[in-house]
Amino acid sequence: MSHELHIPKDALITVAGTVGVGKSTLTTALAARLGFRTSMEKVDNNPYLEKFYQDFERWSFHLQIYFLAERFKEQKAIVEAGGGFVQDRSIYEDTGIFAKMHADQGTMSKTDYETYTSLFEAMVMTPYFPHPDVLIYLEGNLSSILNRIRLRGREMEIQTDVSYWEHMHERYAKWIEEFDACPVLRLNIDEYDATDEASLDEIIRQAAEIIHASRAK
Ligand SMILES: Nc1ncnc2c1ncn2[C@@H]1O[C@H](COP(=O)(O)OP(=O)(O)O)[C@@H](O)[C@H]1O
Ligand SMILES: Nc1ncnc2c1ncn2[C@H]1C[C@H](O)[C@@H](COP(=O)(O)O)O1
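Per an unreviewed UniProt entry, the chain goes by Deoxynucleoside kinase and derives from Paenibacillus phoenicis. The heading Sequence similarities (unreviewed entry) in the UniProt record of the chain holds the text "Belongs to the DCK/DGK family."

Below you can see the structure in the form of structure tokens.
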């Protein structure tokens, strides 16, 4: 399949979904298949992430500011390169899932949450934040996702109470129902294989259809 013909060269595809669902894996595979660049969420050099998992209340604001700065730099690089990227996680999830979840459960103070959201809004209202052409939303049952978190083996995530992942999984399901910032392609993790070219081509075909329909408007 000559997929290059179907997805515009300047497109931005974002892969979204809860922790461990398979975003990084699919991002890497799709980008390789399309000849696109990747914008990966970096975990290893994050100076707050481990501390955050040990003490949400103490570190949630610092971590959100750190992620916002990182995503803004990535976004700037994507725009300056003229697109052609698959992005691992959207900025919409930082505010719509993580920051909100910690504010609602009291592990981010109301003042910190307001400061964060006002900075977020000021930053996204710049030319560096065009919406993605399509957001690929990955979903699956919680037990498969928990297995993947265990298999991946990040100690800080494995040590975290399962209720955290349950709660996040529920929030994601509600969030995607209301999400309307850009077109969405929903994929169930049991229905594709990121190591199989035909499976990737089918995802690319569906994404291309969505992008063309939305650009034709
Ligand atoms: N389609 C898949 N089938 C089986 N395991 C997968 C699949 N996609 C990802 N994984 C595994 O699940 C774990 C989490 O995947 P990852 O892509 O890192 O998730 P995320 O980026 O959403 O946190 C990794 O160990 C990865 O190898
Ligand atoms: N905005 C965020 N707030 C809190 N934690 C976050 C945020 N974005 C990512 N994370 C965490 C969740 C995982 O432990 C790692 C990487 O996420 P993954 O879904 O595995 O790519 O960072």
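**A closer look at the pattern of salt bridges**
Per the counting criterion, the structure on display carries 20 salt bridges. For the salt bridge of Glu157 with Arg154, the shortest nitrogen-to-oxygen distance reads 2.8 Å. The closest approach of N and O atoms between Glu202 and Arg205, which form a salt bridge, is 2.8 Å. You can see Glu202 and its partner Arg205 sitting in helix H9 (residues 197-215), three residues apart, about one turn around the helix. Assessed through its relative accessible area of 33%, Glu202 is described here as partly exposed. Residue Arg205 is classed as partly exposed on the basis of its relative accessible area of 36%. Residues participating in the shared-partner salt-bridge network are Glu41, Arg71, Arg89, Glu93 and Asp94.

**So, the UniProt feature "domain: Deoxynucleoside kinase" (unreviewed entry) in the chain**
Under the UniProt annotation, the feature "domain: Deoxynucleoside kinase" (unreviewed entry) is placed at residues 13-212. Helix makes up 60% of residues 13-212 and strand 11%, with an end-to-end C-alpha separation of 13 Å.

**Brief notes about the site of ligand 2**
Taken together, 17 residues are adjacent to ligand 2, and Lys23, Glu41, Tyr53, Gln64 and Glu157 come closest. In this structure, Arg89 approaches ligand 2 through a side-chain N or O atom, which is 3.0 Å from an oxygen atom. If you list the elements that add at least two residues to the shell around ligand 2, you get helix H2 (49-54), helix H3 (56-81) and helix H4 (91-104). For the shell around ligand 2, the element with the most residues is H3, which contributes four residues. Grouping the constituent residues of the shell around ligand 2 by class yields eight nonpolar, one polar and eight charged.

**Section: the packing of aromatic side chains**
The final tally for this structure, using the stated rule, is 17 aromatic pairs. Centroid distance Tyr164 to Trp165: 5.0 Å. Interplanar angle 80°. Geometry classified as edge-to-face. The exposure class assigned to Trp165 is buried, which follows from its relative accessible area of 4%. Each residue in the set Phe52, Tyr53, Phe56, Tyr164 and Trp165 is aromatic and connected to the rest through ring pairs, giving one cluster. The aromatic ring of Trp59 is capped on one face by Lys51, whose charged end is 4.9 Å from the ring centroid. Looking at Arg58, its charged tip hangs above the ring of Trp59, at a distance of 4.2 Å from the centre.

**Focus on the nonpolar core**
Ile7 and Leu26 are the most contacted members of the largest nonpolar core, which totals 64 residues. Among the elements that take part in this core, H9 stands out by supplying seven residues, more than any other. Non-local contacts of Ile7, meaning those with residues more than four positions away in its chain, are made with Ile13, Leu34, Phe36, Ile204, Ala207, Ala208 and Ile211.

Cut-offs and rules
- Residues numbered from 1 in each chain as written.
- Chains lettered and ligands numbered in written order.
- Predicted model: local features only at pLDDT ≥ 70, side-chain atom pairs only at ≥ 80, totals over all residues.
- Heavy atoms only, no water.
- UniProt positions renumbered as here; feature names shortened; annotations may be inferred.
- Salt bridge = Lys/Arg side-chain N within 4 Å of Asp/Glu carboxyl O.
- Helix = DSSP H or I, 4+ residues; strand = E, 2+ residues; numbered from the N terminus.
- Buried < 20%, exposed > 50% of the residue type's maximum accessible area, 1.4 Å probe, protein only.
- Near = heavy atom within 4 Å.
- Polar contact = N/O pair within 3.5 Å; in protein donor to acceptor, adjacent residues only side chain to side chain.
- Nonpolar A, V, L, I, M, F, W, Y, C, P; charged D, E, K, R; others polar.
- Phe/Tyr/Trp six-rings, centres within 6.5 Å; stacked < 30°, edge-to-face > 60°.
- Lys NZ or Arg CZ within 6 Å of the ring centre and 35° of its normal.
- Core = buried A, V, L, I, M, F, W, Y, C linked by side-chain atoms within 4.5 Å.
- Contact = heavy atoms within 4.5 Å.

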